[in-house]
Amino acid sequence: LIIKVIQSTTFNMNANKQQTKKIPRPMNCFLAFRLEKQGEILTRCPGANHRDISKIIAKWWKETPEHEKEPYREKARISKIEHSKLHPDYKYSPNKRPGHKPRKYV
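One numbering rule holds for all chains: residues counted from 1, following each sequence as written. In keeping with the predicted nature of the model, local features appear solely for residues at pLDDT of at least 70, side-chain atom pairs appear and are counted solely at 80 or more, and the whole-chain, interface and lining totals rest on all residues. The side-chain figures draw on all heavy atoms in the structure; neither hydrogens nor water molecules are used.

(A) Examining the overall build of the protein more closely. The secondary structure content of the protein amounts to 4 helices and 0 strands. Runs of H or I in DSSP of at least four residues are treated as helices and runs of E of at least two as strands, each being numbered from the N terminus. Shown N-terminal to C-terminal, the secondary structure of the protein runs as helices and strands in the order α-α-α-α. Put simply, the protein has 106 residues, and 15% of those count as buried. The Shrake-Rupley method, run with a 1.4 Å probe, gives the accessible areas here. Residue values count only the displayed protein chains as cover. Accessible surface for the protein amounts to roughly 9,700 Å². Of this, 59% is attributable to carbon and sulfur atoms. Partly exposed describes any residue whose relative accessible area lies between the buried limit of under 20% and the exposed limit of over 50%, with all areas from a 1.4 Å probe on protein chains only and scaled to the type maximum.

Below, the structure is given as structure tokens:
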């Protein structure tokens, strides 16, 4: 009996997730850059975690000259066009977490 209740609850949770499936945002130029460079970092530093990888790639992005960033901007532009074709009524609306206070940056 307990197993059936757990299974039915799991099924209902999965059904709710499928009904309210959120449309992902289109890829921006930094994400395209990160996706390409992440493999390079993992080959150099196999044990690196996501936080360290993000720090390194953010530094690389800031140091990259504008003319080298252009292909990534083009990928982002194409991604945005394809996204708008797939989801013409899409509008980004972040979920506000109840009781969550925004971080103060110093």
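(B) Looking closely at the confidence of the model for the protein. Each residue carries a pLDDT score, the predictor's own confidence in it, on a scale running from 0 to 100. Chain-level statistics for the protein give a pLDDT mean of 82 and a share of 80% at 70 or above. Of all the helices and strands in the protein, helix H1 (residues 2-19) carries the lowest mean pLDDT, 49, while helix H4 (residues 66-86) carries the highest, 95. Contact between two residues is taken to exist if any of their heavy atoms lie within 4.5 Å; hydrogens are not considered. Within the model, the stretch residues 1-12 combines pLDDT values under 50 with 0 contacts to residues more than four positions away or in other chains.

(C) Broad picture of the packing of aromatic side chains. Each pair of aromatic rings taken from Phe, Tyr and Trp, with Trp reduced to its six-membered ring, is defined by centres within 6.5 Å and is described as stacked if the planes are under 30 degrees apart, edge-to-face if over 60, and tilted in the remaining cases. Using the criterion set out here, one finds 4 aromatic pairs in the structure. Ring centres of Phe-30 and Trp-61 lie 5.9 Å apart, and the angle between their planes is 80°; on these two criteria the pair is classed as edge-to-face. Linking Phe-30 in helix H2 (residues 29-44) with Trp-61 in helix H3 (residues 50-63), this pair joins segments that are 31 residues apart in sequence. Judged by relative accessible area, which is 26%, Phe-30 ranks as partly exposed. An aromatic cluster is built from Phe-30, Phe-33, Trp-61 and Tyr-72, whose rings are joined through pairwise contacts. Over the ring of Tyr-92 we find Arg-25, and its NZ or CZ is 3.9 Å from the ring centre. By definition here, charges over rings are those cases where NZ of Lys or CZ of Arg is within 6 Å of the ring centre and within 35 degrees of the ring normal. Taking NZ or CZ as reference, Lys-69 lies 4.7 Å from the ring centre of Trp-61, over its face.

(D) Spotlight on H2. With 16 residues, H2 should cover 22 Å at 1.5 Å per step; its first-to-last C-alpha distance of 23 Å lies within 8% of that length. Here the bend at a residue is taken as the angle between two axes, fitted respectively to the seven residues that end there and the seven that start there. Lys-37 marks where H2 bends most, by close to 30°. Among all positions of H2, only Cys-29, Ala-32, Phe-33, Arg-34, Lys-37, Gln-38 and Ile-41 are buried. Of the surrounding elements, those touching the buried residues of H2 are H3 and H4. N or O atoms within 3.5 Å of each other form a polar contact, as long as, within protein, one can give a hydrogen and the other can take it, and as long as residues adjacent in sequence are counted only when both atoms are side-chain atoms. With a side-chain oxygen lying 3.1 Å from the backbone nitrogen of Phe-30, the N-terminal cap of H2 falls on Asn-28. Here the expected length of a helix is defined as 1.5 Å per residue gap, with one fewer gap than residues.

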